[in-house]
Amino acid sequence: MSHPIYFVSLGPGDAELITLKSLHALQQADIIYCPSTVREPDKILSRAATLLHKLGIKGDIHLFSLPMSKDRTKAIKVYRQLFEEMRLEQKAGKRLAVAVEGDAGIYASVHYVLDLLEENGIPVEQLPGIPSFIAAEAAAKLHLISQKERLVIIPGNITSDELDMYLSHHHVPVIMKLSQCADIVKDYMESHPQYSYHYFENISTAEEYHSSHQAELKRRVFPYFSLMIIFNEQTRKDDSAK
């Protein structure tokens, strides 16, 4: 009987925030696939692989490099190659895992590989993890959603009109991939100072940063691993008074 291929959620970056089930899957894997990026010639970075080392994982770690581009053509080619390799390794009896930061079902493009495996009758399992915005609200001791509020997760593309709609109708926007819409968010802070803006980057790592000071945030350069949670504190007060 062939072993399922595990898509393991690593959580936001703190080794202690991975689930026991995910840890056990990694410990039993013969090969673990991790995404990486090339920042400079000869310099490959993989936050997933770094976390595996912190966890003391002994399996054979295979890095696959993903091009950082909105055009997904090259990324899909990488994923198809990864699928072919995993298919052969699994057929040979190897225990395989794919390590994914955060949660494997939240903005994890490697899910394309999971879909290909399932379409070809190869058993897979997806293990849940803590996404960065959940770790962020815990680190800042925030009450993320209250009473009638609704949570909206936005992948780095937002307009001022959309933010107006959300914040005036009991929604709490969480903007991920914040670097992709930095100018829009900073302009919105300038024109809507009445709202509460909680900014985070590199959550649950040694480089973690959190601030709600608007003047400071307007000057800050937002890196890729950043997010913002916006609250309409007045509607919260009104709701709690009812």
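Please read all numbers here as calculations on a predicted model, not as lab measurements.

> Can you explain the pattern of salt bridges? Please cite residues and give values.
A full pass over the atoms with the stated rule returns five salt bridges. The closest approach of N and O atoms between glutamate 190 and lysine 218, which form a salt bridge, is 3.0 Å. Linking glutamate 190 in helix H7 (residues 182-191) with lysine 218 in helix H8 (residues 214-219), this pair joins segments that are 28 residues apart in sequence. The exposure class of lysine 218 is partly exposed, given its relative accessible area of 30%.

> Lay out the nonpolar core with the relevant residues and their values.
Counting residues in hydrophobic clusters, the biggest one holds 24 residues, and the most contacted among them are Phe7, Met86, Val110, Val113 and Leu117. Sorting the residues of this core by element identifies strand E1 (5-9), strand E2 (31-40), helix H3 (73-91), strand E5 (96-100) and helix H4 (111-119) as the ones contributing at least two each. With six residues, H3 is the largest single contributor of residues to this core. If we skip the residues at most four places from it in the chain, methionine 86 touches Ile5, Tyr33, Leu96, Val98, Val113 and Leu117. Counting residues in each nonpolar core, the second largest holds 21 residues, with Tyr166, Ile175, Tyr197 and Tyr199 among its members.

> Report on the packing of H3 against H4, specifying residues and quantitative values.
The geometry of H3 relative to H4 is characterised by a closest axis approach of 9 Å and an angle of 45° between their N-to-C directions. Taken as axis vectors, H3 and H4 run oblique relative to one another. H4 is crossed by H3, and the crossing has right-handed handedness. Mapping the contact onto sequence places Ile76, Tyr79, Arg80, Leu82, Phe83 and Met86 in H3 and Tyr112, Val113, Leu116 and Leu117 in H4.

> Got a sec to walk through the sheet that holds strand E9 (residues 196-201)? Specific residues and values, please.
Picture the strands of a sheet paired through backbone hydrogen bonds; they go either parallel or antiparallel. The strand order across the open sheet built from five strands is E7-E8-E11-E9-E10, with neighbouring strands paired in mixed fashion. Edge strands, defined here as strands with exactly one partner in the open sheet, are strand E7 (150-155) and strand E10 (209-211). Here the average twist between neighbouring strands, direction ignored, is 15°. Pairing between E9 and strand E11 (residues 226-231): six bridges, direction antiparallel. Its bridge partner lying in E11, tyrosine 197 is registered against isoleucine 230. Sitting on the sheet, helix H6 (residues 160-167) touches E7, strand E8 (171-176) and E11, and the angle it makes with E8 is about 140°.

> Lay out the environment of tyrosine 197 with the relevant residues and their values.
In this fold, tyrosine 197 is placed in strand E9. Each C-alpha atom of the pair tyrosine 197 and alanine 49 lies 32 Å from the other, and the pair is 148 residues apart in sequence. Not counting chain neighbours up to four residues away, the residues in contact with tyrosine 197 comprise Tyr188, Met189, His192, Ser211, Ser212, Gln214, Leu217, Met228, Ile229 and Ile230. Here histidine 192 takes part through its backbone oxygen, which lies 2.7 Å from a polar atom of the side chain of tyrosine 197.

What counts as what
Residues numbered from 1 in each chain as written. Predicted model: local features only at pLDDT ≥ 70, side-chain atom pairs only at ≥ 80, totals over all residues. Heavy atoms only, no water. Salt bridge = Lys/Arg side-chain N within 4 Å of Asp/Glu carboxyl O. Helix = DSSP H or I, 4+ residues; strand = E, 2+ residues; numbered from the N terminus. Buried < 20%, exposed > 50% of the residue type's maximum accessible area, 1.4 Å probe, protein only. Core = buried A, V, L, I, M, F, W, Y, C linked by side-chain atoms within 4.5 Å. Contact = heavy atoms within 4.5 Å. Axes fitted to C-alpha atoms, helices over the stretch in contact; angles between N-to-C directions. Parallel < 35°, antiparallel > 145°, perpendicular 65-115°, else oblique. Left-handed = near helix turned anticlockwise from the far one by under 90°. Pairing = 2+ DSSP bridges. Polar contact = N/O pair within 3.5 Å; in protein donor to acceptor, adjacent residues only side chain to side chain.

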